[in-house]
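Given next are the chains, with one letter for each unit.
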Amino acid sequence: MADGWQLGEAHRGDDQTVIAAVRRSFGEIYTQYFRNEFLVNHDLPIEVRAFRRSDGWCVFLLLTPWMMARVFLPERDPGLPVPNGWSADERAAASFLVIGPQLEFPLLGETLKAHLNYQPGLGHFLLQPLVQSMQQYESASAVFAAWDEVIKKRDRVMEEQKRECGWQKEVSRREFFGFLRT
């Protein structure tokens, strides 16, 4: 394998194929690394919501028993550098890390930050942790309802300060109405 960005096979399928590959990959992570962990909420499912394709990325919310995150799975090589220790070969031989090194990347005219990750079934992808303590939630709906409140508060603050962040606003709207379609 090359030292650069490695794409998984999942992005080549239709949306449901990608979602199934993500669920399968994170199910394997749960089984291997989190199944017996005390600080993980074993009542929560592995769930993908708000899936969409945007600017060469599959973008979605991922809920797991150990976190909720926004994931950016590339449809093509994004041309981002792969730091030392994060090649496909190096990661395949290493233990799972929830959060890898932070990278900046362009999306819809803005520069975003997310953490590099790698899974053999998915290839390299980027992850933005949104909620990292899942213990207090009784269900997936409770997690997403709490996140909806965070978004509403952020929108109120941005409106009061007369600030705009078009990318976040559009993503937020899609995330909370998009789950009805996935």
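What you are looking at is a predicted structure, and each value in this text was computed from that prediction instead of being measured. (Residues numbered from 1 in each chain as written. Predicted model: local features only at pLDDT ≥ 70, side-chain atom pairs only at ≥ 80, totals over all residues. Heavy atoms only, no water.)

Topic: the nonpolar core
Piece 1. Formed by 25 residues in total, the largest nonpolar core has its most connected members in Val22, Phe26, Phe60, Leu62, Trp66, Leu73 and Leu122.
Piece 2. The set of elements that each furnish at least two residues to this core consists of α1 (15–34), β1 (47–54), β2 (57–63), β3 (68–74) and β6 (123–131).
Piece 3. Ranked by residue count, the leading element in this core is α1, at eight residues.
Piece 4. Not counting chain neighbours up to four residues away, the residues in contact with Val22 comprise Val48, Phe60, Leu62, Leu73 and Leu122.
Piece 5. Trp5, Leu103, Leu107 and Leu116 belong to the second largest nonpolar core, which has 14 residues in total. (Core = buried A, V, L, I, M, F, W, Y, C linked by side-chain atoms within 4.5 Å. Buried < 20%, exposed > 50% of the residue type's maximum accessible area, 1.4 Å probe, protein only. Helix = DSSP H or I, 4+ residues; strand = E, 2+ residues; numbered from the N terminus. Contact = heavy atoms within 4.5 Å.)

Let's talk about the side chain of Asn41
Piece 1. On the secondary structure map, Asn41 appears in the loop between α1 and β1.
Piece 2. In this structure Asn41 comes out as buried when scored by relative accessible area, which is 6%.
Piece 3. Among the polar contacts made by the side chain of Asn41, one reaches the main-chain amide nitrogen of Asp43 at a distance of 3.0 Å.
Piece 4. One polar contact links the side chain of Asn41 to the main-chain carbonyl oxygen of Tyr137, over a distance of 2.5 Å.
Piece 5. Setting aside its immediate chain neighbours within four residues, Asn41 contacts Pro65, Met134, Gln135 and Tyr137. (Polar contact = N/O pair within 3.5 Å; in protein donor to acceptor, adjacent residues only side chain to side chain.)

Quick word on the pattern of salt bridges
Piece 1. Throughout the structure, instances matching the rule amount to seven salt bridges.
Piece 2. Among the ionic pairs, Asp15 bridges to Arg53, the shortest N-O distance being 2.8 Å. Of the two residues, Asp15 is situated in helix α1 and Arg53 in strand β1; the sequence distance between them amounts to 38 residues.
Piece 3. Residue Glu47 pairs with Arg49 through a salt bridge whose shortest N-O separation is 2.5 Å.
Piece 4. Accessibility expressed as a relative area gives 10% for Arg49, which makes it buried.
Piece 5. A network of salt bridges, in which partner residues are shared, links Asp15, Arg53 and Glu75. (Salt bridge = Lys/Arg side-chain N within 4 Å of Asp/Glu carboxyl O.)

Concerning the confidence of the model for the protein chain
Low pLDDT means the predicted coordinates in that region are not meant to be read closely.
Piece 1. Chain-level statistics for the protein chain give a pLDDT mean of 86 and a share of 87% at 70 or above.
Piece 2. Within the model, pLDDT remains below 50 along residues 176–182, and this stretch shows 13 contacts once partners closer than five positions in the same chain are excluded. (pLDDT = per-residue confidence, 0-100.)

As for the side chain of Gln128
Piece 1. Tracing the backbone through its elements, the reader meets Gln128 in strand β6.
Piece 2. Assessed through its relative accessible area of 12%, Gln128 is described here as buried.
Piece 3. At 2.8 Å, the side chain of Gln128 forms a polar contact with the backbone oxygen of Lys113.
Piece 4. Apart from residues lying up to four places away in sequence, Gln128 is in contact with Ala69, Arg70, Phe72, Leu112, Lys113 and Ala114.

Overview of helix α3 (residues 140–160)
Piece 1. With 21 residues, α3 should reach 30 Å at 1.5 Å per residue; the first-to-last C-alpha distance of 31 Å fits that figure.
Piece 2. Residues of α3 that are buried: Ala140, Val143, Phe144, Trp147, Ile151 and Met158. In a view along the axis of α3, the buried residues occupy a sector of 90 degrees, so they form one face of it. Seen from the buried face of α3, the exposed residues on the opposite side, beyond 90 degrees, are Lys153, Glu159 and Glu160. (Expected span 1.5 Å × (residues − 1). Arc of directions from axis to C-beta.)

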